[in-house]
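Residues per chain, in single letters:
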Amino acid sequence: MKGFDLMAILLNPEFSRMLVHGVKMTFIIFAGSWLLAMSLGITLLAIRMLPGRIADALVEAYVAYHRNVPTLVQLMLWYFGVSSLLPERLQVWLSDQNGEAIFAVIALGLCQAAYFSEDHRSGLRAVPKGQWEAARALGHSYLGAMTYILLPQAVRNAMPALVNHTVSLFKNSSLAMAIGVTELTHAVKEVENQSFRAFETYLIATVFYLVCSLLLMWLGYYFERRSRMAGAL
Amino acid sequence: MTLLFNMIGIVSDNWLLLLVGQFPNGPLGGIAATLILSILGIALAFPLSVAMALARLSPWPVLRWPATALVYVVRGVPLLLIILWVYFLLPLLIGESVPGFVTMLATLVIYEGAFLSEIVRAGITALPRGQMDAARALGHSHLGAMRYVILPQALFNMIPSIISQFVSTIKETTLGYIINVPELTFAAGQINNRLLTKPFEVYFILAIIYFVVCWTLTKLASTLERRIAVRRARSMDGAAAPALAAASRT
C-alpha cells in the first residue's frame, strides 16, 4: 500500500476539479429538493386542515407511502419508471437538461415533503388550543390567526425535527449517485477508481459531509435559541 | 388497466426471484435476504447501542468522549459513504475478501448502532431521576442500578422506537444494491434488466412490496406505543395517571 498522501488528491487538478463539481451538484440537489420539500410540506399541511375527511385521508396516504418506501426505490421509480411513461420528445428534452438531477430533486423533494409536513403538523398540534380561541376572540380572521399567532409558534415547536430532517435530506442527496447524478459520492468513487487512493478520497468526503451536517445542526440550534419567546419553557 | 395486467404478469412470472432470489441455485436473495439482513443488523446493533448509550451517560469522560464522537461522526455522514468505508477497510482488517452481504451487515451494525444508541439514551434519560437516586440509595453501584433498575424499564418503554428503527433498517438494506448485495431491490433490478420494456411496472411492484412490509411494522409500533403509554400511566399512582394515559392517546 502507498503511504498516506492527501495532497496527491487535493493538488491534482483533475481530481480536485471532479470533487469540486461533485460538491456543487450535492448543493444543487440539496437546495432544490429542500425548497420543493418545504413548500410542498406546508401545502400538504394546509390541505390537511381543510374540512372534510377526503383531503385528510389523501394527505395521510401520501405521507404513509413516502415514509414506508425506501428513498432509493422512490428515486429509481422516478428515474427509470416514471420517465419511461413520458412522451418521447419530453424524454429527449429531459436527458438534454441533465434529467438525472431533475428526477433526483423531484424524488428527494417529494419524499422529504412527507416528513416536513408531519413535523409542521405535530408542531401545530403542540400549540395550546387557547391560543387559537384567544386570537379569534381578539378579532383575527382565520388566516390572520394562523399567520400571526399559530404558525410562528408551530414552526418554533417543529424546529428540532425540521433540522433533523434537513440533515437527513442533505445526507440522502448522496443516493442520487445511484441514478447517475455526478454529485460528491459519485465523484468520490470516480476519483478512487482513477487514483487508487481510497483512504484519502473517502477522508476528504467524510470531512466535508460531517462539517456540513454539523453546521446545519448548529444553525438549527442557533435559530431555535434566537426564536425562543421570553418566558417560554 | 394494461399497467395492472402487466404488473400481475410480472409478479406471477417472477415471484420466486422476488421472494428468495436465485436460491437454491445461487445466493439467497429477494425479500428473504432483505429481512435476514435487517434482523441480523438490528440484533447485532442492539447490544452495541446499549453499550454506547451507557458509555455516553457514564460518569467517566474516558468512555463518554469517544462514544459521543463516534455517534456524531456516524450520524453526520451519509450511509452510502459508510458503506464505501466498510467495503474498503473490512478486507484490509481481516486480510481476505469479504462478501457483499457481510459488508452490508457490518455497515448496518455500525450505522444502526449509532442511531439506536440515541434511542436508548433518550429512553434512559426519560425515566424519572428518582429511579437512579433510589437505586443508589438502596446500595446499588452505578452499573448495578443501570442493570437492575434503569435498563429493564427503559428498554421496555423503547420497544416501539426499536421497531421503527427496524423499519429504517429494512429501508436502508436497499443501498446494498449499490455494492451488488442480492436483496430485494437487486432482484427487481435483475427483472428489469431482463424485461427492459416495463421499468415503471417493475419498480412500482418493488415500492408496493416495501410499503406493505414497512407499513405493517409501523402500525405495529404505534399500537404498541399506545399500549405501553397506558400501562406506564397505570403503573404510576395518584391522580396524574388517567390524564397521562389520555394525553398519550391523542
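As the structure is a prediction and not an experimental result, all values here were calculated from the model.

Each value, and the rule that gives it
Residues numbered from 1 in each chain as written. Chains lettered and ligands numbered in written order. Predicted model: local features only at pLDDT ≥ 70, side-chain atom pairs only at ≥ 80, totals over all residues. Heavy atoms only, no water. Helix = DSSP H or I, 4+ residues; strand = E, 2+ residues; numbered from the N terminus. Buried < 20%, exposed > 50% of the residue type's maximum accessible area, 1.4 Å probe, protein only. Contact = heavy atoms within 4.5 Å. Lys, Arg positive; Asp, Glu negative; His and termini not counted. Charge placed at Lys NZ, Arg CZ, Asp CG, Glu CD. Phe/Tyr/Trp six-rings, centres within 6.5 Å; stacked < 30°, edge-to-face > 60°. Buried area = accessible area lost by both parts, 1.4 Å probe. Salt bridge = Lys/Arg side-chain N within 4 Å of Asp/Glu carboxyl O. Patch = residues over 30% accessible without salt bridge, like charges linked within 9 Å, V, L, I, M, F, W, Y side chains within 5 Å. Areas by Shrake-Rupley, 256 points an atom, 1.4 Å probe, with all protein chains shown as cover. UniProt positions renumbered as here; feature names shortened; annotations may be inferred. Axes fitted to C-alpha atoms, helices over the stretch in contact; angles between N-to-C directions. Parallel < 35°, antiparallel > 145°, perpendicular 65-115°, else oblique. Left-handed = near helix turned anticlockwise from the far one by under 90°. Nonpolar A, V, L, I, M, F, W, Y, C, P; charged D, E, K, R; others polar. pLDDT = per-residue confidence, 0-100. Polar contact = N/O pair within 3.5 Å; in protein donor to acceptor, adjacent residues only side chain to side chain.

## Comments concerning the overall build of chain A
Phase 1 of the analysis: Tallying secondary structure elements over chain A gives 10 helices and zero strands in all.
Phase 2 of the analysis: Along chain A, from the amino end to the carboxyl end, the secondary structure elements read α-α-α-α-α-α-α-α-α-α.
Phase 3 of the analysis: In chain A, which comprises 233 residues, the share counted as buried stands at 44%.
Phase 4 of the analysis: Looking at chain A alone, contacts between residues at least 24 apart form 77% of all its contacts between residues at least 6 apart.
Phase 5 of the analysis: Side chains of chain A give 18 positive and 15 negative charges; the mean places of these two sets differ by 11 Å.

## Comments concerning the packing of aromatic side chains
Phase 1 of the analysis: This model, assessed by the stated rule, comprises 20 aromatic pairs over all chains.
Phase 2 of the analysis: Considering the side-chain rings of W218 of chain A and Y222 of chain A, the 5.6 Å spacing of their centres and the 20° angle between planes classify their relative orientation as stacked. Taken together, the residues W218 of chain A and Y222 of chain A, both in helix 10 (residues 198-226) and four residues apart, mark about one turn of the helix.
Phase 3 of the analysis: Centre to centre, the rings of Y111 of chain B and F115 of chain B are 4.9 Å apart; their planes meet at 45°, and the pair counts as tilted. Within this pair, Y111 of chain B and its partner F115 of chain B are both found in helix 5 (residues 100-125), separated by four residues, close to a single helical turn.
Phase 4 of the analysis: A relative accessible area of 8% places Y111 of chain B in the buried class.
Phase 5 of the analysis: Looking at F115 of chain B, the relative accessible area reads 23%, which means it is partly exposed.
Phase 6 of the analysis: One aromatic cluster is present, formed by F4, F199 and Y202 of chain A together with W85 and F88 of chain B through successive ring pairs.

## Here's the deal with the interface of chain A and chain B
Phase 1 of the analysis: With 36 residues of chain A at the contact, the number on the chain B side is 33 residues.
Phase 2 of the analysis: When chain A packs against chain B, the two sides together hide about 3200 Å² of surface, and 80% of this comes from carbon and sulfur.
Phase 3 of the analysis: Broken down residue by residue, the surface that chain A buries against chain B is led by N68, K171 and Y202 of chain A, which jointly contribute 20%.
Phase 4 of the analysis: Linking chain A with chain B are zero salt bridges.

## Some remarks on a nonpolar patch on the surface
Phase 1 of the analysis: On the surface, L215, W218, L219, Y221, Y222 and F223 of chain A cluster together into a nonpolar patch covering about 610 Å² of accessible area.
Phase 2 of the analysis: Looking at Y222 of chain A, the relative accessible area reads 32%, which means it is partly exposed.

## A closer look at the UniProt feature "transmembrane region" (unreviewed entry) in chain B
Residue and element names in this part refer to chain B.
Phase 1 of the analysis: Within this structure's numbering, the places UniProt gives as "transmembrane region" (unreviewed entry) are residues 31-57, 69-94, 100-124, 145-167 and 202-222.
Phase 2 of the analysis: Overall, residues 31-57 shows 100% helix and 0% strand. The separation of its end C-alpha atoms is 38 Å.
Phase 3 of the analysis: Helix and strand shares over residues 100-124 are 100% and 0% respectively, and the end C-alpha atoms of the span are 35 Å apart.

## With respect to the UniProt feature "transmembrane region" (unreviewed entry) in chain A
Phase 1 of the analysis: Those residues carrying the UniProt feature "transmembrane region" (unreviewed entry) are residues 25-47, 68-86, 98-116 and 202-223 of chain A in this numbering.
Phase 2 of the analysis: In the segment residues 98-116 of chain A, helix accounts for 95% and strand for 0%; the C-alpha atoms at its two ends are 27 Å apart.

## Some remarks on the packing of helix 3 (residues 53-68) of chain A against helix 6 (residues 99-125) of chain A
Residue and element names in this part refer to chain A.
Phase 1 of the analysis: Where helix 3 meets helix 6, the closest approach of the two axes is 8 Å, and the angle between their N-to-C directions is 120°. Comparing their axes, helix 6 and helix 3 come out oblique. In the crossing of helix 3 with helix 6, the sense of the turn from one axis to the other is left-handed. Of the residues in helix 6, those touching helix 3 at Y62, V63, H66 and R67 are L110, C111, A113, A114, Y115, S117 and E118.
Phase 2 of the analysis: Looking at side-chain class alone, the contact of helix 3 with helix 6 contains seven nonpolar, two polar and two charged residues.

## A few points about the environment of A55 of chain B
All names here are of chain B.
Phase 1 of the analysis: Mapped onto the elements of the fold, A55 is located in helix 2 (residues 30-57).
Phase 2 of the analysis: The buried category is assigned to A55, whose relative accessible area is 13%.
Phase 3 of the analysis: Sequence separation between A55 and G95 is 40 residues; the distance between their C-alpha atoms is 30 Å.
Phase 4 of the analysis: Apart from the residues within four sequence positions on either side, A55 is in contact with L63, R64 and A67.

## Structural notes on the confidence of the model for chain B
Phase 1 of the analysis: Model confidence for chain B is summarised by a mean pLDDT of 92, while 94% of its residues fall at 70 or above.
Phase 2 of the analysis: Among the prediction metrics, the complex's ipTM stands at 0.92, with pTM recorded as 0.91.

## Remarks on the packing of helix 1 (residues 2-20) of chain B against helix 10 (residues 199-235) of chain B
All names here are of chain B.
Phase 1 of the analysis: Contact pair helix 1 / helix 10: the axes reach a minimum separation of 10 Å and the direction vectors enclose 65°. Considered as vectors, helix 1 and helix 10 are oriented roughly perpendicular to each other. Crossing of helix 1 against helix 10: the hand is right-handed. On helix 10, the residues that touch L3, N6, M7, I10, V11 and L18 of helix 1 are F200, E201, V202, F204, I205, I208 and I209.

## Describing the UniProt feature "domain: ABC transmembrane type-1" (unreviewed entry) in chain A
Phase 1 of the analysis: Per the UniProt record, "domain: ABC transmembrane type-1" (unreviewed entry) is found at residues 23-220 of chain A.
Phase 2 of the analysis: Helix makes up 85% of residues 23-220 of chain A and strand 0%, whereas the separation of the span's terminal C-alpha atoms amounts to 22 Å.

## Some details on the side chain of T107 of chain B
All names here are of chain B.
Phase 1 of the analysis: Among the secondary structure elements, T107 is positioned in helix 5.
Phase 2 of the analysis: At 2.6 Å, the side chain of T107 forms a polar contact with the backbone oxygen of T103.
Phase 3 of the analysis: Among all residues touching T107, those that are not within four sequence positions of it are L79, I82, I83 and V86.

## Section: the environment of N6 of chain B
All names here are of chain B.
Phase 1 of the analysis: With respect to the secondary-structure elements, N6 resides in helix 1.
Phase 2 of the analysis: Taking the C-alpha atoms as reference, N6 lies 49 Å from A154; in sequence the two are 148 residues apart.
Phase 3 of the analysis: Among all residues touching N6, those that are not within four sequence positions of it are K198 and E201.
Phase 4 of the analysis: Only 3.0 Å separates the side chain of N6 from the side chain of E201, close enough to count as a polar contact.

## A word on the pattern of salt bridges
Phase 1 of the analysis: According to the stated counting rule, one finds 11 salt bridges over all chains in the structure shown.
Phase 2 of the analysis: With a shortest N-O distance of 3.5 Å, E118 of chain A and R121 of chain A are connected by a salt bridge. Taken together, the residues span about one helical turn, with E118 of chain A and R121 of chain A both in helix 6 at a distance of three residues.
Phase 3 of the analysis: Residue R121 of chain A is classed as partly exposed on the basis of its relative accessible area of 24%.
Phase 4 of the analysis: The salt bridge partner of R56 of chain B is E118 of chain B, with a shortest N-O separation of 2.4 Å. Note that R56 of chain B is positioned in helix 2 and E118 of chain B in helix 5, a separation of 62 residues in sequence.
Phase 5 of the analysis: Owing to a relative accessible area of 18%, E118 of chain B belongs among the buried residues under this scheme.
Phase 6 of the analysis: By sharing partners, the salt bridges in this structure join R48, D56, E60, E118 and R121 of chain A into a single network.

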